[in-house]
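Residue-level structural notes
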Amino acid sequence: METADILLALLFGCIGFGYFMYGRRTKNIVTRYCGIAMILYPYLASSAWEMAAVGVVLMVMPRFVEL
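Residues numbered from 1 in each chain as written. Predicted model: local features only at pLDDT ≥ 70, side-chain atom pairs only at ≥ 80, totals over all residues. Heavy atoms only, no water.

1. Focus on helix 3 (residues 48-64)
What counts, and what does not: Under the DSSP-based scheme used, a helix requires at least four consecutive residues in state H or I and a strand at least two consecutive residues in state E, with every element numbered from the N terminus. One less than the residue count of a helix, multiplied by 1.5 Å, gives the span that helix is expected to have. The buried label goes to any residue with under 20% of its type's maximum accessible area, the exposed label to any with over 50%, and the partly exposed label to all in between, with areas taken from a 1.4 Å probe on protein chains only.
A rise of 1.5 Å per residue sets the reference length of helix 3, with its 17 residues, at 24 Å; its end C-alpha atoms lie 25 Å apart and thus fit the reference within 8%. Every buried residue belonging to helix 3 is among M51, G55, L58 and P62, and all of these are buried.

2. Some points on the environment of R24
Position of R24 among the secondary structure elements: in helix 1 (residues 3-26). Placed eleven residues apart in sequence, R24 and G35 show a C-alpha to C-alpha distance of 9.9 Å.

3. Regarding the nonpolar core
Stated precisely, the cut-off is as follows: What we call a nonpolar core is a set of buried Ala, Val, Leu, Ile, Met, Phe, Trp, Tyr and Cys residues that are connected through their side-chain atoms within 4.5 Å. Only heavy atoms matter for contacts: two residues are in contact if any of them lie within 4.5 Å across the pair.
F12, V30, C34, M38, Y41, A45, M51 and L58 together form the largest nonpolar core, which totals eight residues. For this core, the elements supplying multiple residues, two or more each, are helix 2 (29-40) and helix 3. No other element matches helix 2, which puts three residues into this core. Those residues within four positions of V30 in sequence are excluded, and the remaining contacts are P62, V65 and L67.

4. A look at the packing of helix 1 against helix 3
What counts is decided by this rule: Simply put, an axis is a line fit to the C-alpha atoms, just over the touching stretch for a helix, and the angle between two N-to-C directions goes from 0 to 180 degrees. Convention used here: angles under 35 degrees read as roughly parallel, angles over 145 as roughly antiparallel, angles from 65 to 115 as roughly perpendicular, and any remaining angle as oblique. When the near helix sits turned anticlockwise from the far one by under a right angle, the crossing is termed left-handed; a clockwise turn instead gives a right-handed crossing. As a working rule, the residues Ala, Val, Leu, Ile, Met, Phe, Trp, Tyr, Cys and Pro are called nonpolar, Asp, Glu, Lys and Arg charged, and the rest polar, with Gly in that last group.
Where helix 1 contacts helix 3, the two axes come as close as 10 Å, and the packing angle between them is 15 degrees. Relative to helix 3, the element helix 1 is oriented roughly parallel. In this structure, the crossing between helix 1 and helix 3 has a hand that is left-handed. Across from A4, D5, L8, A9, F12, I15 and Y19 in helix 1, the residues of helix 3 making contact are A48, M51, A52, G55, V56, L58, M59 and P62. The class makeup of the residues in the contact of helix 1 with helix 3 is 13 nonpolar, one polar and one charged.

What follows is the structure in structure tokens.
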């Protein structure tokens with residue numbers, strides 16, 4: 001892994017943990033699952049651009065999707 005990959009994984013992992021905790025506290029399923037996805041997807045991303053794009057999509061998804 002390159003330095004950018006490691007830093008982006010750490011950044012999105014921390015943001016994902018915050019989303020997960022917020023979703024668990026408010027019982028919001030979309031936010032909770034987006035948080036889990038943000039914690040886990042950096043292990044599957046192959047480049048920094050891909051990681052950043054998926055991270056941004058997962059960050060804005062709870063704003064537009066409500067269940």
